[in-house]
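Commentary on secondary and tertiary structure
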Amino acid sequence: MSEKLTKQQIYDRIRATSKDSYILEEMQRLGFWEKTDSPQIPEIFIENETRLLQELNQLLDKNKQYSDQLSMLKSMRKVRMKNAKEKREITRQNNKLKALEKAERWQKLQQEQVLFLGKQVSKGLNNTEPNVNSLKKFNLPVFHSVVEFAGYMETDLPSLRYLLYQRKVSTINHYHTFELPKKSGGKRKISAPKPKIKALQLQVLDKILKNIPVNDYVHGFIQGKSIVSNAQPHVNKDIVINMDLKDFFPSIEYKRVKGLFNKLGYSEQISTMLALVCTQSDTYEVNMDGVTYHVQKGARFLPQGSPASPAISNLIAYKLDKRIKGLAERLNFTYTRYADDLSFSTTNENQKNIRQLLFFVNQIVVEEGFKVHPEKTHIMRKGNLQMVTGIVVNRKLNIERKKLRNFRALLHNLNLNGWKDQKWGNAVHLIHAVEGYIRFVKMVNPEKGKEFAEKLATIIKKQGYPEISCQKYNSNDTTEKTTASITKPETNQKEENDSQDWWDIF
C-alpha cells in the first residue's frame, strides 16, 4: 500500500500538472480508470491540457524570474552602493589615520634628520657614516647625527635648514655684498656674512679648522705668522720673484670644500652641511611687484669676508704648496705663500733656473685647480726695489720710503687742517686707513709705528675723531644688517714633522 500523500504534496503535484491530470493519475492508480494502449479522448485532452499548463507555468516562471531579476539587480545595486559607501568611509578613515601617522613620523624625522637642502646638494645626505679613525687622528669632533652636529655648532636643526637651504631664487640673502678698491687698481668683491651665518662659520673655524696643521712655509691667517714672517726668508737675496693666484677664494668651489671635509673623515651628510656653511653663490637682484629676489648664478664658492675662508683655502692649497715647495728646493729657490701671493728668492748664480721655475709653477697651479695672474708676476733683482707682501726686503725688513714720506705728509696736513678733504689711497674711511697703516708700520718697524701712533693721538686730541658714515648695502633684506668687516682669523700652529702630514693619508 502506497504512502498517503500530505495535503501540501497533493497541492504541489496539482501545481506541477493540473487538477484533472492528478485526478486521472489517482484514478488509474486506484484502479477506477483502466489504462489501455489506445488512450481515450478524455485522457488525451487531460494530457494535452496538462502539457499546456506545464508550458504555461514555465513561461510564467520565466516572466516572474525576469521581473524578479530587475528587482534583484536593483536590490543588489543598493547593497553594493551601501557596501561601497561603507568601504569608502573605512578607507577615508584609514587614510586619515595614515596621514596623521605620516605627519607625526615626518615631524619626528624633521627633529632628528636633514633629508633635503636643495636640488643640487642633497644627493649624499643619506650617507651618515663618518670615518672615525681619520677624525680622531686629527683630534676632530665626531658627529654621528645631525642633531649632535647642530648642538656642537651651538644651534638647532630648524636654524641650520634655514641658513643652509640652497635656492636658485630667494628673497633671503645671508651676505652683504660690496666692493673695495684694490691697491693695484680695480675692485675686490667682498661678501660679508650676516651674524647668523657668520656665527656658524666661526664655530667651524674654532672647533674644526684650527685643529688641522698647515705647512711651515704658509704664513697667511695663521697665529704667530704675518706678512712680516712671510717676507723674512727673502731678505737680502739677489733675486726675488712674486706671483699671484687669480681669484683665489672664488676659484675654490663648493665641491672642493665638501671634498675637503669628506677627506678629513666626515660623512657626506655632515660634509655637505659644512660646505654649505662655508660657501656662497653670486647673485643678482630682480625686483618684481615690490619684492626683491636674489637670483643665483654660477656655482657656490668661498666668499671673501668669511672668517672660515682663509683656513679652508690653506688646507685646499696644501698639496699645491707641497708640490711648489718640492720644485723650489730642487731648483734652489726659497718659497713662501701668503694667501694668494707666492714668493720665491734665490742667488744670482741660480738665475738660469728662473724660466724653468716659472713654467713648472704655472703648470702645478693649473693642475691644482688655480690660475696664475698673468699681469702680477714680477722678477726683482738686487739694486732695484724688492718687495714681498708690501714689505721691502733688499737688505732688511723695511717700509717703502716714498710711502713713508707721503704718510708723514698726510699726518702733517691732518694736524694743520683737520680731516676734511684729506685722502690716503682709495680709502673710504680715512681714519680706518690711517690706523691700519700705522699697525702695518708697527709690525715692520715698531719704533716708527710708535712714533706715528703718538702723532695720530695728538691729531685726534686737536682735531677730534672724524665721523664715519654707515656702510650702505645694495640689499632690501633688513634681517641681520650689520657693518661689514673683513676678519683675518687666527689659527693654531702646531709643530709637525713631515711624517705627520695630514694630506698623506689621502
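Up top is the structure.
Cut-offs used in this document
Residues numbered from 1 in each chain as written. Predicted model: local features only at pLDDT ≥ 70, side-chain atom pairs only at ≥ 80, totals over all residues. Heavy atoms only, no water. Helix = DSSP H or I, 4+ residues; strand = E, 2+ residues; numbered from the N terminus. Buried < 20%, exposed > 50% of the residue type's maximum accessible area, 1.4 Å probe, protein only. Contact = heavy atoms within 4.5 Å. Areas by Shrake-Rupley, 256 points an atom, 1.4 Å probe, with all protein chains shown as cover. Pairing = 2+ DSSP bridges. Axes fitted to C-alpha atoms, helices over the stretch in contact; angles between N-to-C directions. Patch = residues over 30% accessible without salt bridge, like charges linked within 9 Å, V, L, I, M, F, W, Y side chains within 5 Å. Salt bridge = Lys/Arg side-chain N within 4 Å of Asp/Glu carboxyl O. Lys, Arg positive; Asp, Glu negative; His and termini not counted. Charge placed at Lys NZ, Arg CZ, Asp CG, Glu CD. Core = buried A, V, L, I, M, F, W, Y, C linked by side-chain atoms within 4.5 Å. Parallel < 35°, antiparallel > 145°, perpendicular 65-115°, else oblique. Left-handed = near helix turned anticlockwise from the far one by under 90°. Nonpolar A, V, L, I, M, F, W, Y, C, P; charged D, E, K, R; others polar. Expected span 1.5 Å × (residues − 1). 1 Å grid on protein atoms, 1.4 Å probe; cavity = no way out; pocket = protein on both sides within 12 Å on 5 of 7 lines; lining within 4 Å. Points joined across faces, edges and corners; volume = space filled by probe spheres on them.

For the protein, the count of helices and strands is 16 helices and eleven strands. Considering the protein as a whole, with its 506 residues, one finds that 41% of them fall into the buried category. Here the analysis covers contacts within the protein between residues at least 6 apart in sequence; of these, 69% occur between residues at least 24 apart. A total of about 30400 Å² of accessible surface is found on the protein, and carbon and sulfur atoms cover 51% of it.

Adjacent strands of a sheet pair through backbone hydrogen bonds, lying either parallel or antiparallel. The strand order β1-β6-β5 describes an open sheet built from three strands, whose pairing is antiparallel. The sheet terminates laterally at β1 (169-170) and β5 (280-288), the two strands that pair on one side only. Where β5 meets strand β6 (residues 291-301), eight bridges bridge the pair, whose relative direction is antiparallel. When the sheet's bridge partners are listed, glutamine 280 is paired in β6 with phenylalanine 301.

Spatial ordering of the open sheet is given by β7-β8-β4-β9, a layout of four strands whose pairing is antiparallel. The open sheet has two edge strands with one neighbour each: β7 (334-338) and β9 (378-381). The average undirected angle you get between the axes of adjacent strands in this sheet is 15°. Here β7 runs beside strand β8 (residues 341-346); their pairing, made up of five bridges, is antiparallel. Bridging from a neighbouring strand, tyrosine 335 pairs with phenylalanine 344 of β8. In the packing of helix α12 (residues 318-330) onto the sheet, contacts are made with β7 and β8, and the angle to β7 comes to roughly 155°.

Before going further, it helps to examine the environment of aspartate 340. Residue placement: aspartate 340 occurs in the loop between β7 and β8. Take aspartate 340: its relative accessible area is 18%, and that puts it in the buried class. Leave out the neighbours within four places in its chain, and aspartate 340 touches Met243, Asp244, Leu245 and Phe248.

A surface patch of like charges, here positive, comprises Lys382, Arg395, Arg401, Lys402 and Arg405. Mapped onto the secondary structure, arginine 395 falls in the loop between β11 (391-392) and α14 (401-417). With relative accessibility at 73%, the residue arginine 395 sits in the exposed group.

Next up on the list: the nonpolar core. Soluble globular proteins tend to bury their nonpolar side chains together. Counting residues in each nonpolar core, the largest one holds 72 residues, and the members touching the most others are Phe261, Ile312 and Phe344. Element by element, the count of residues in this core is highest for helix α10 (residues 268-278), at seven residues. In contact with phenylalanine 261, other than residues within four places in its own chain, are Val204, Ile208, Leu209, Tyr266, Ser271, Leu274, Ala275, Cys278 and Ile312. Formed by 33 residues, the second largest nonpolar core is a distinct cluster that contains Tyr338, Leu397, Val434 and Phe440.

Bringing the pairing of β6 into the picture now. The sheet contact formed by β1 and β6 spans two bridges and is antiparallel. Paired with serine 170 across the two strands is histidine 294, which belongs to β6. Counting the residues that bridge the hairpin from β5 to β6 gives two residues, and of these aspartate 289 lies at a positive phi of roughly 55°.

Turning our eyes to something else, we now look at the pattern of salt bridges. Under the definition given, this model contains ten salt bridges. The closest approach of N and O atoms between glutamate 367 and arginine 323, which form a salt bridge, is 2.6 Å. On the criterion of sequence distance, the pair formed by glutamate 367 in helix α13 (residues 354-367) and arginine 323 in helix α12 is long-range, its members being 44 residues apart. By relative accessible area, which is 47% here, glutamate 367 ends up partly exposed. Each of Arg323, Glu367 and Glu368 takes part in one network of salt bridges that share partners.

Here we come to the side chain of serine 309. Looking at where serine 309 falls in the secondary structure, it is placed in helix α11 (residues 309-316). With residues near it in sequence (within four places) discarded, serine 309 still touches Phe249, Leu302 and Pro303.

Looking now at the packing of helix α7 (residues 195-207) against α10. The contact between α7 and α10 brings their axes to 9 Å, and the two run at 120°. As the angle between them shows, α7 and α10 are arranged oblique. In this structure, the crossing between α7 and α10 has a hand that is left-handed. Contact with α7, carried on its side by Ile197, Leu200, Gln201 and Val204, involves Leu274, Val277 and Cys278 of α10 and no other residues of that element. Residues that form the contact of α7 with α10 fall into these classes: six nonpolar, one polar and no charged.

Glancing now at α12. Think of an α-helix as 3.6 residues a turn; residues three or four steps apart then line up on the same face. For α12, built from 13 residues, the straight-helix expectation of 18 Å at 1.5 Å per residue is met to within 8% by its first-to-last C-alpha distance of 19 Å. Where α12 is concerned, the buried positions are Tyr318, Leu320, Asp321, Ile324, Leu327 and Ala328. Of the surrounding elements, those touching the buried residues of α12 are α11, β7, β8 and α13. At the exit of α12 stands asparagine 332, carrying a positive phi of roughly 65°.

According to the stated counting rule, one finds two cavities of 30 Å³ or more in the structure shown. Of the volumes computed, that of the largest cavity is approximately 310 Å³. Taken together, 19 residues line the largest cavity, and the ones lying closest to its centre are Tyr165, Ile172, Asn173, His174 and Arg300. Residues belonging to the lining of the largest cavity are distributed by class as follows: seven nonpolar, ten polar and two charged.

Residue position: lysine 396 is located in the loop between β11 and α14. Separated by 165 residues in sequence, lysine 396 and alanine 231 have C-alpha atoms that sit 9.8 Å apart.

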